[in-house]
Amino acid sequence: MSDVILSMGSNIGNREMLIAGAVKLISERCGVVAMKSSLYETEPWGFDSNGMFLNQIIKINTELDPTSLLENILQIEIELGRNRTKPRTGYESRPIDIDIIYFSDLIINTPDLTVPHPRMQMRRFVLVPLTEILPDLVHPLFKKNSSELLKSCSDTSMIEKYPNS
């Protein structure tokens, strides 16, 4: 059984419903959802968009290997309206985005998957909800916990706890 941290974001459509739907499908297909952060409303990171994001971090316990988990997550994104068929020229608005942040303490670097997520330490929309639920979780490469990564993060983008989350 592996502990996995997933980050979810949505800025198109019914954002709350899409994130809730992703959590439901992840719990049905990928593993037990052991922890969930609050929802956070955040500015787009790395691109301009009129739509604010909702973001959430979840921790799951899974029997899946990293490749199988990734395949399941990509399928869930498609079912919730994500279109990855067009050529990507950078970040863009999307109904749902699910990233593997940590897979236990594994370090994975393949053409399809890099874990820990290579930009997580630069993103408050990942670090704030992660610190909410797992402040002492240590990054296997940087040897800093979530709270320390958040304190040293230079990202100044807006992030607010979403009402009623």
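Structure report, in brief.

**Looking at helix 1 (residues 15-29)**
1) Next: If you check helix 1, its first and last C-alpha atoms are 21 Å apart, about what 15 residues at 1.5 Å a residue would give, namely 21 Å.
2) Next: Three or more residues of helix 1 are buried, namely Arg15, Leu18, Ile19, Gly21, Ala22, Val23, Leu25 and Ile26.
3) Next: Against the buried residues of helix 1 lie strand 1 (2-10), strand 2 (32-36), strand 3 (40-42), strand 4 (53-62), helix 2 (66-79) and strand 5 (97-103).

**Remarks on the nonpolar core**
1) Next: By size, the foremost hydrophobic cluster in this structure holds 27 residues, and its most contacted members are Leu6, Met8, Ile26, Ile60, Leu69, Ile98 and Ile100.
2) Next: Counting residues per element, this core draws most heavily on helix 1, which supplies six residues.
3) Next: Filtering out sequence-adjacent residues up to four positions away, Leu6 remains in contact with Ile26, Gln56, Ile57, Ile58, Ile60, Ile73, Ile98, Asp99, Ile100 and Ile101.
4) Next: The next biggest cluster of nonpolar side chains, apart from the first, holds 16 residues, and it includes Ile101, Val128, Leu134 and Ile159.

**Looking at the packing of helix 1 against helix 2**
1) Next: Where helix 1 contacts helix 2, the axes come no closer than 10 Å and their chain directions differ by 145 degrees. Crossing geometry of helix 1 relative to helix 2 is assigned as right-handed. For the pair formed by helix 1 and helix 2, the contact residues are Ala22, Leu25, Ile26 and Arg29 on the first element and Asn72, Gln75, Ile76 and Glu79 on the second.
2) Next: Split into classes, the residues belonging to the contact of helix 1 with helix 2 amount to four nonpolar, two polar and two charged.

**A few points about the pairing of strand 4**
1) Next: Counting buried residues in strand 4 gives 10 out of 10 residues, a clear majority hidden from the surface.
2) Next: Neither face of strand 4 is open: one carries Phe53, Asn55, Ile57, Lys59 and Asn61, the other Leu54, Gln56, Ile58, Ile60 and Thr62, and all of them are buried.
3) Next: By the bridge criterion, nine bridges tie strand 1 to strand 4 in an arrangement that is antiparallel. Bridging across to strand 4, Ser10 finds its partner in Leu54.
4) Next: Here three bridges tie strand 3 to strand 4, and the two strands are oriented antiparallel to one another. Bridge pairing in strand 4 links Glu41 to Leu54.

**Here's the deal with helix 2**
1) Next: Taking 1.5 Å per residue, 14 residues should reach 20 Å; helix 2 reaches 20 Å between its end C-alpha atoms and fits that length.
2) Next: On its buried face, helix 2 sits against strand 1, helix 1, strand 4, strand 5 and strand 6 (108-109).
3) Next: The opening residue of helix 2, the one whose side-chain oxygen lies 3.0 Å from the backbone nitrogen of Thr67, is Asp65.

**Brief notes about the pattern of salt bridges**
1) Next: Inspection of the entire model under this criterion finds four salt bridges.
2) Next: Ionic pairing is found between Lys24 and Glu28, a salt bridge with its closest N-O pair at 2.4 Å. Of the two residues, Lys24 and Glu28 are both situated in helix 1; the distance of four residues between them amounts to about one turn of the helix.
3) Next: The partner of Glu79 in a salt bridge is Arg29, and the shortest N-O contact between them spans 2.8 Å. On the criterion of sequence distance, the pair formed by Glu79 in helix 2 and Arg29 in helix 1 is long-range, its members being 50 residues apart.

Definitions and cut-offs
Residues numbered from 1 in each chain as written. Predicted model: local features only at pLDDT ≥ 70, side-chain atom pairs only at ≥ 80, totals over all residues. Heavy atoms only, no water. Helix = DSSP H or I, 4+ residues; strand = E, 2+ residues; numbered from the N terminus. Expected span 1.5 Å × (residues − 1). Buried < 20%, exposed > 50% of the residue type's maximum accessible area, 1.4 Å probe, protein only. Contact = heavy atoms within 4.5 Å. Core = buried A, V, L, I, M, F, W, Y, C linked by side-chain atoms within 4.5 Å. Axes fitted to C-alpha atoms, helices over the stretch in contact; angles between N-to-C directions. Left-handed = near helix turned anticlockwise from the far one by under 90°. Nonpolar A, V, L, I, M, F, W, Y, C, P; charged D, E, K, R; others polar. Pairing = 2+ DSSP bridges. Polar contact = N/O pair within 3.5 Å; in protein donor to acceptor, adjacent residues only side chain to side chain. Salt bridge = Lys/Arg side-chain N within 4 Å of Asp/Glu carboxyl O.

The quantities given are spatial measurements derived from coordinates; they are silent on function.
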